[in-house]
Amino acid sequence: TLYHFGVLSSQLHMAWMRQVCGRLESRYRYSVGLVYNNFPWPETPKPAQRAAVERAAQAVLDARAAFPGATLADLYDPLAMPPALSAAHTALDKAVDKCYRAAPFPSDRARVEYLFQLYEQLTTPLMPTAKVKKQRPGNSPKPITAGNPVEDSALEEVAAPKSKLPQWYLDAFKPHGEELMRGEMHTHNLQTIYSRIDSMLEQKDFEQCDALLRAVAQEPGETPLVTLVGILTATRSAAKQLPHRTKFREAAANRLRAVRQDPDDVLQGL
(Lines give C-alpha, C1' and ligand atoms only; values in the text may rest on other atoms or scores of the structure.)
Protein backbone atom coordinates (compact mmCIF):
# COMPACT_ATOMS: atom_id res chain seq x y z
CA THR A 1 0.00 0.00 0.00
CA LEU A 2 1.03 3.64 -0.22
CA TYR A 3 1.27 3.69 3.57
CA HIS A 4 3.74 0.80 3.68
CA PHE A 5 5.73 2.25 0.79
CA GLY A 6 5.90 5.56 2.62
CA VAL A 7 7.18 4.10 5.89
CA LEU A 8 9.75 1.90 4.15
CA SER A 9 10.95 4.83 2.04
CA SER A 10 11.32 7.17 5.01
CA GLN A 11 14.53 8.35 6.61
CA LEU A 12 13.44 6.60 9.80
CA HIS A 13 13.43 3.17 8.15
CA MET A 14 16.64 3.92 6.27
CA ALA A 15 18.36 4.80 9.54
CA TRP A 16 17.20 1.48 11.01
CA MET A 17 18.40 -0.42 7.96
CA ARG A 18 21.88 1.12 8.10
CA GLN A 19 22.23 0.07 11.75
CA VAL A 20 21.07 -3.55 11.65
CA CYS A 21 21.63 -4.87 8.13
CA GLY A 22 24.58 -6.92 6.99
CA ARG A 23 27.04 -5.90 4.30
CA LEU A 24 28.19 -7.37 1.01
CA GLU A 25 31.55 -5.66 0.63
CA SER A 26 30.54 -1.97 0.95
CA ARG A 27 26.92 -2.58 -0.09
CA TYR A 28 23.97 -2.98 2.23
CA ARG A 29 22.38 -6.44 2.46
CA TYR A 30 18.67 -5.93 3.12
CA SER A 31 17.44 -9.10 4.81
CA VAL A 32 13.74 -9.82 5.20
CA GLY A 33 14.30 -11.63 8.49
CA LEU A 34 16.88 -9.30 9.99
CA VAL A 35 15.85 -5.84 8.79
CA TYR A 36 12.19 -5.97 7.75
CA ASN A 37 10.72 -8.46 10.25
CA ASN A 38 12.48 -6.77 13.18
CA PHE A 39 11.49 -3.24 12.18
CA PRO A 40 9.18 -1.65 14.79
CA TRP A 41 6.25 -0.27 12.81
CA PRO A 42 4.09 2.52 14.25
CA GLU A 43 1.86 0.85 16.83
CA THR A 44 -1.38 2.79 16.55
CA PRO A 45 -1.20 5.54 13.92
CA LYS A 46 -4.33 7.64 13.67
CA PRO A 47 -6.31 7.63 10.38
CA ALA A 48 -5.21 11.21 9.71
CA GLN A 49 -1.56 10.24 10.21
CA ARG A 50 -1.84 7.28 7.83
CA ALA A 51 -3.52 9.53 5.27
CA ALA A 52 -0.70 12.07 5.59
CA VAL A 53 1.88 9.35 4.94
CA GLU A 54 -0.09 8.10 1.92
CA ARG A 55 -0.28 11.62 0.43
CA ALA A 56 3.44 12.19 0.99
CA ALA A 57 4.28 8.78 -0.49
CA GLN A 58 2.23 9.55 -3.60
CA ALA A 59 4.04 12.88 -3.90
CA VAL A 60 7.36 10.99 -3.97
CA LEU A 61 6.07 8.75 -6.77
CA ASP A 62 4.77 11.78 -8.67
CA ALA A 63 8.14 13.52 -8.33
CA ARG A 64 9.87 10.44 -9.72
CA ALA A 65 7.39 10.20 -12.61
CA ALA A 66 8.30 13.73 -13.68
CA PHE A 67 11.65 12.35 -14.89
CA PRO A 68 10.69 9.32 -17.01
CA GLY A 69 14.11 9.01 -18.62
CA ALA A 70 16.02 8.91 -15.34
CA THR A 71 16.95 5.79 -13.39
CA LEU A 72 16.66 5.55 -9.60
CA ALA A 73 20.44 5.89 -9.45
CA ASP A 74 20.15 9.16 -11.36
CA LEU A 75 17.28 10.45 -9.24
CA TYR A 76 18.97 9.66 -5.93
CA ASP A 77 22.43 10.90 -6.80
CA PRO A 78 23.26 13.14 -3.80
CA LEU A 79 24.78 15.74 -6.13
CA ALA A 80 22.00 15.73 -8.70
CA MET A 81 18.77 14.85 -6.88
CA PRO A 82 15.86 16.92 -8.28
CA PRO A 83 14.72 19.54 -5.76
CA ALA A 84 11.08 18.44 -6.12
CA LEU A 85 11.98 14.85 -5.17
CA SER A 86 14.11 16.02 -2.26
CA ALA A 87 11.24 18.18 -0.96
CA ALA A 88 8.80 15.27 -1.34
CA HIS A 89 11.03 13.03 0.76
CA THR A 90 11.42 15.71 3.42
CA ALA A 91 7.63 15.94 3.70
CA LEU A 92 7.38 12.13 3.82
CA ASP A 93 9.95 11.93 6.62
CA LYS A 94 7.97 14.40 8.71
CA ALA A 95 4.72 12.51 8.13
CA VAL A 96 6.25 9.16 9.12
CA ASP A 97 7.99 10.63 12.17
CA LYS A 98 4.63 11.90 13.46
CA CYS A 99 3.24 8.35 13.33
CA TYR A 100 5.73 7.47 16.05
CA ARG A 101 5.65 10.58 18.23
CA ALA A 102 4.54 14.19 18.15
CA ALA A 103 7.97 15.69 18.77
CA PRO A 104 10.21 15.77 15.66
CA PHE A 105 13.41 13.71 15.57
CA PRO A 106 16.41 16.04 15.42
CA SER A 107 18.71 13.44 13.82
CA ASP A 108 19.09 9.85 12.65
CA ARG A 109 20.69 9.12 16.00
CA ALA A 110 17.45 10.06 17.75
CA ARG A 111 15.41 8.01 15.29
CA VAL A 112 17.47 4.85 15.80
CA GLU A 113 17.54 5.29 19.56
CA TYR A 114 13.74 5.52 19.62
CA LEU A 115 13.35 2.47 17.35
CA PHE A 116 15.65 0.35 19.51
CA GLN A 117 13.58 1.29 22.56
CA LEU A 118 10.45 0.09 20.74
CA TYR A 119 12.26 -3.06 19.63
CA GLU A 120 13.24 -3.83 23.22
CA GLN A 121 9.64 -3.42 24.37
CA LEU A 122 8.44 -5.79 21.65
CA THR A 123 11.07 -8.50 22.14
CA THR A 124 11.56 -8.53 25.93
CA PRO A 125 8.45 -10.71 26.55
CA LEU A 126 9.86 -13.26 24.05
CA MET A 127 13.26 -13.63 25.70
CA PRO A 128 13.86 -16.49 28.16
CA THR A 129 14.17 -15.47 31.80
CA ALA A 130 17.49 -16.00 33.54
CA LYS A 131 17.73 -19.14 35.62
CA VAL A 132 18.85 -18.77 39.23
CA LYS A 133 21.31 -21.38 40.38
CA LYS A 134 19.99 -23.19 43.44
CA GLN A 135 22.17 -23.52 46.51
CA ARG A 136 23.12 -26.91 47.78
CA PRO A 137 21.79 -27.72 51.23
CA GLY A 138 25.30 -27.54 52.70
CA ASN A 139 25.72 -23.98 51.43
CA SER A 140 22.34 -22.69 52.57
CA PRO A 141 22.44 -19.54 54.69
CA LYS A 142 21.55 -19.76 58.33
CA PRO A 143 17.88 -19.08 59.13
CA ILE A 144 17.17 -15.55 60.22
CA THR A 145 15.08 -15.24 63.34
CA ALA A 146 13.42 -12.21 64.81
CA GLY A 147 15.72 -10.15 66.98
CA ASN A 148 18.94 -11.52 65.48
CA PRO A 149 21.13 -9.27 63.32
CA VAL A 150 21.26 -10.17 59.63
CA GLU A 151 24.71 -11.28 58.56
CA ASP A 152 26.03 -10.05 55.24
CA SER A 153 26.72 -13.62 54.14
CA ALA A 154 23.03 -14.42 54.47
CA LEU A 155 22.20 -11.85 51.80
CA GLU A 156 24.86 -12.80 49.28
CA GLU A 157 23.60 -13.98 45.92
CA VAL A 158 24.79 -17.19 44.40
CA ALA A 159 27.70 -16.46 42.08
CA ALA A 160 26.91 -17.07 38.42
CA PRO A 161 29.09 -19.61 36.63
CA LYS A 162 32.08 -18.01 34.94
CA SER A 163 31.64 -17.46 31.23
CA LYS A 164 34.01 -19.17 28.81
CA LEU A 165 33.76 -16.26 26.41
CA PRO A 166 36.89 -14.08 26.02
CA GLN A 167 36.89 -10.95 28.15
CA TRP A 168 37.33 -8.68 25.12
CA TYR A 169 34.18 -10.20 23.66
CA LEU A 170 32.17 -9.62 26.85
CA ASP A 171 33.54 -6.08 27.15
CA ALA A 172 32.22 -5.27 23.66
CA PHE A 173 28.67 -5.40 25.04
CA LYS A 174 29.24 -3.08 27.99
CA PRO A 175 27.90 0.51 27.77
CA HIS A 176 30.51 3.14 26.95
CA GLY A 177 28.86 6.11 28.59
CA GLU A 178 25.33 7.02 29.60
CA GLU A 179 24.98 9.32 26.61
CA LEU A 180 25.67 6.49 24.17
CA MET A 181 22.46 5.40 22.51
CA ARG A 182 21.50 1.79 22.04
CA GLY A 183 22.00 1.91 18.28
CA GLU A 184 25.56 3.20 18.60
CA MET A 185 26.34 0.56 21.22
CA HIS A 186 25.25 -2.03 18.68
CA THR A 187 27.49 -0.53 16.01
CA HIS A 188 30.42 -0.42 18.41
CA ASN A 189 29.88 -4.07 19.30
CA LEU A 190 29.95 -5.16 15.68
CA GLN A 191 33.00 -3.07 14.83
CA THR A 192 34.95 -4.42 17.80
CA ILE A 193 34.07 -8.05 17.17
CA TYR A 194 34.37 -7.89 13.39
CA SER A 195 37.78 -6.26 13.69
CA ARG A 196 39.02 -9.11 15.89
CA ILE A 197 37.59 -11.76 13.60
CA ASP A 198 39.01 -10.10 10.47
CA SER A 199 42.42 -9.95 12.14
CA MET A 200 42.27 -13.66 13.01
CA LEU A 201 41.30 -14.61 9.48
CA GLU A 202 43.93 -12.37 7.86
CA GLN A 203 46.61 -13.97 10.05
CA LYS A 204 45.13 -17.41 9.29
CA ASP A 205 44.65 -17.98 13.01
CA PHE A 206 41.73 -20.30 12.35
CA GLU A 207 42.21 -22.14 15.63
CA GLN A 208 41.56 -19.04 17.72
CA CYS A 209 38.63 -17.99 15.55
CA ASP A 210 37.12 -21.46 15.79
CA ALA A 211 37.56 -21.41 19.58
CA LEU A 212 35.58 -18.16 19.68
CA LEU A 213 32.76 -19.71 17.63
CA ARG A 214 32.71 -22.74 19.91
CA ALA A 215 32.50 -20.56 23.05
CA VAL A 216 29.72 -18.38 21.63
CA ALA A 217 27.78 -21.45 20.47
CA GLN A 218 27.88 -22.78 24.03
CA GLU A 219 26.50 -19.50 25.42
CA PRO A 220 24.43 -18.01 22.56
CA GLY A 221 22.19 -16.12 24.96
CA GLU A 222 25.08 -13.79 25.85
CA THR A 223 25.15 -12.39 22.30
CA PRO A 224 22.47 -10.25 20.58
CA LEU A 225 20.80 -12.12 17.76
CA VAL A 226 21.81 -9.51 15.19
CA THR A 227 25.46 -9.97 16.19
CA LEU A 228 25.24 -13.74 15.83
CA VAL A 229 24.12 -13.29 12.23
CA GLY A 230 26.86 -10.72 11.69
CA ILE A 231 29.54 -13.13 12.91
CA LEU A 232 28.25 -15.76 10.50
CA THR A 233 28.57 -13.22 7.69
CA ALA A 234 32.12 -12.27 8.76
CA THR A 235 33.30 -15.90 8.88
CA ARG A 236 31.56 -17.17 5.75
CA SER A 237 34.72 -17.02 3.59
CA ALA A 238 36.60 -19.29 6.02
CA ALA A 239 33.80 -21.77 6.73
CA LYS A 240 35.88 -24.79 5.69
CA GLN A 241 38.64 -23.91 8.17
CA LEU A 242 36.21 -23.44 11.11
CA PRO A 243 34.74 -26.82 12.14
CA HIS A 244 32.64 -25.34 14.98
CA ARG A 245 30.96 -22.85 12.66
CA THR A 246 28.23 -25.42 11.89
CA LYS A 247 27.36 -25.69 15.58
CA PHE A 248 27.50 -21.88 15.84
CA ARG A 249 25.04 -21.57 12.94
CA GLU A 250 22.67 -24.04 14.59
CA ALA A 251 22.80 -22.02 17.83
CA ALA A 252 21.86 -18.90 15.86
CA ALA A 253 19.06 -20.84 14.13
CA ASN A 254 17.67 -21.93 17.51
CA ARG A 255 17.67 -18.32 18.71
CA LEU A 256 15.76 -17.30 15.59
CA ARG A 257 13.18 -20.05 16.15
CA ALA A 258 12.74 -18.84 19.73
CA VAL A 259 11.58 -15.44 18.45
CA ARG A 260 9.46 -17.03 15.70
CA GLN A 261 11.70 -16.20 12.77
CA ASP A 262 12.53 -18.57 9.93
CA PRO A 263 16.25 -19.51 10.07
CA ASP A 264 16.21 -20.58 6.42
CA ASP A 265 15.27 -17.04 5.45
CA VAL A 266 17.60 -15.10 7.75
CA LEU A 267 20.61 -17.40 7.43
CA GLN A 268 20.30 -18.09 3.72
CA GLY A 269 23.77 -18.26 2.18
CA LEU A 270 25.45 -18.24 5.58
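Preceding block: the structure.
Keep in mind the model is a prediction, meaning the values are calculated, not measured.

Draft legend 1. Broad picture of the overall build of the protein chain. Across its full length, the protein chain carries 13 helices and two strands. Here the protein chain holds 270 residues, and the buried ones make up 37% of them. Looking at the protein chain alone, contacts between residues at least 24 apart form 67% of all its contacts between residues at least 6 apart. Only carbon and sulfur atoms are counted for the fraction: they give 54% of the accessible area of the protein chain, which is about 16700 Å².

Draft legend 2. Highlighting the packing of helix α4 (residues 47-65) against helix α6 (residues 83-100). It is the contact of α4 with α6, at a shortest axis distance of 9 Å, that shows an interaxial angle of 165°. Here α4 is positioned roughly antiparallel relative to α6, judged by the angle of their axes. The two elements α4 and α6 cross, and the hand of that crossing is left-handed. Between α4, through Gln-49, Ala-52, Val-53, Ala-56, Ala-57, Ala-59, Val-60, Ala-63 and Arg-64, and α6, the contact on the second element is made entirely by Ala-84, Leu-85, Ala-88, His-89, Ala-91, Leu-92, Ala-95, Val-96, Lys-98 and Cys-99.

Draft legend 3. Examining the nonpolar core more closely. In terms of nonpolar packing, the biggest core is built from 33 residues, with Tyr-169, Ile-193, Ile-197, Val-216, Ile-231, Phe-248 and Leu-267 touching the most fellow members. The set of elements that each furnish at least two residues to this core consists of α8 (167-171), α9 (182-202), α10 (206-218), α11 (225-234) and α12 (245-258). The biggest single contributor to this core is α11, with seven residues. Not counting chain neighbours up to four residues away, the residues in contact with Ile-231 comprise Tyr-169, Ile-193, Tyr-194, Ile-197, Leu-213 and Phe-248. Ala-15, Cys-21, Ala-88 and Leu-115 belong to the second largest nonpolar core, which has 30 residues in total.

Draft legend 4. Representation of the side chain of Thr-235 in the model. Within the secondary structure layout, Thr-235 lies in the loop between α11 and α12. For Thr-235, the side chain forms a polar contact with the main-chain oxygen of Ile-231, separated by 2.9 Å. Apart from the residues lying within four places of it in its own chain, the contact partners of Thr-235 are Ile-197, Leu-201, Cys-209, Leu-213, Leu-242 and Arg-245.

Draft legend 5. Representation of helix α2 (residues 11-20) in the model. Counted residue by residue, α2 has seven buried out of ten residues, so it is predominantly covered. Burial in α2 covers these residues: Leu-12, His-13, Ala-15, Trp-16, Met-17, Gln-19 and Val-20.

Draft legend 6. Inspection of the packing of aromatic side chains at higher detail. In total, this model carries seven aromatic pairs according to the counting rule given. Here the aromatic cluster, defined as three or more aromatic residues joined through ring pairs, consists of Trp-16, Tyr-36, Phe-39, Trp-41, Phe-116 and Tyr-119. Directly above the aromatic system of Tyr-3 lies the positively charged group of Arg-50, at a separation of 3.9 Å from the ring centroid.

Draft legend 7. Spatial organisation of the side chain of His-13. By secondary structure assignment, the location of His-13 is in helix α2. Beyond its immediate stretch of four places on either side in the chain, His-13 contacts Val-7, Leu-8, Tyr-30, Val-35 and Phe-39.

Draft legend 8. Just a nonpolar patch on the surface, in detail. Taken together, Tyr-30, Val-32 and Tyr-36 make up a surface patch of nonpolar side chains, about 270 Å² in accessible area. Relative to the helices and strands, Tyr-36 resides in helix α3 (residues 32-36). For Tyr-36, a relative accessible area of 33% puts it in the partly exposed group.

Draft legend 9. View of the packing of α2 against helix α7 (residues 108-123). It is the contact of α2 with α7, at a shortest axis distance of 9 Å, that shows an interaxial angle of 75°. Between α2 and α7, the angle falls in the class roughly perpendicular. Seen from α2, the contacting residues are Gln-11, Leu-12, Ala-15, Trp-16, Arg-18, Gln-19 and Val-20; seen from α7, they are Asp-108, Arg-111, Val-112, Leu-115, Phe-116 and Tyr-119. When the residues that make up the contact of α2 with α7 are grouped by side-chain class, the tally is eight nonpolar, two polar and three charged.

Criteria and cut-off values
- Residues numbered from 1 in each chain as written.
- Predicted model: local features only at pLDDT ≥ 70, side-chain atom pairs only at ≥ 80, totals over all residues.
- Heavy atoms only, no water.
- Helix = DSSP H or I, 4+ residues; strand = E, 2+ residues; numbered from the N terminus.
- Buried < 20%, exposed > 50% of the residue type's maximum accessible area, 1.4 Å probe, protein only.
- Contact = heavy atoms within 4.5 Å.
- Areas by Shrake-Rupley, 256 points an atom, 1.4 Å probe, with all protein chains shown as cover.
- Axes fitted to C-alpha atoms, helices over the stretch in contact; angles between N-to-C directions.
- Parallel < 35°, antiparallel > 145°, perpendicular 65-115°, else oblique.
- Left-handed = near helix turned anticlockwise from the far one by under 90°.
- Core = buried A, V, L, I, M, F, W, Y, C linked by side-chain atoms within 4.5 Å.
- Polar contact = N/O pair within 3.5 Å; in protein donor to acceptor, adjacent residues only side chain to side chain.
- Phe/Tyr/Trp six-rings, centres within 6.5 Å; stacked < 30°, edge-to-face > 60°.
- Lys NZ or Arg CZ within 6 Å of the ring centre and 35° of its normal.
- Patch = residues over 30% accessible without salt bridge, like charges linked within 9 Å, V, L, I, M, F, W, Y side chains within 5 Å.
- Salt bridge = Lys/Arg side-chain N within 4 Å of Asp/Glu carboxyl O.
- Nonpolar A, V, L, I, M, F, W, Y, C, P; charged D, E, K, R; others polar.

Geometric values such as these leave the question of function open.
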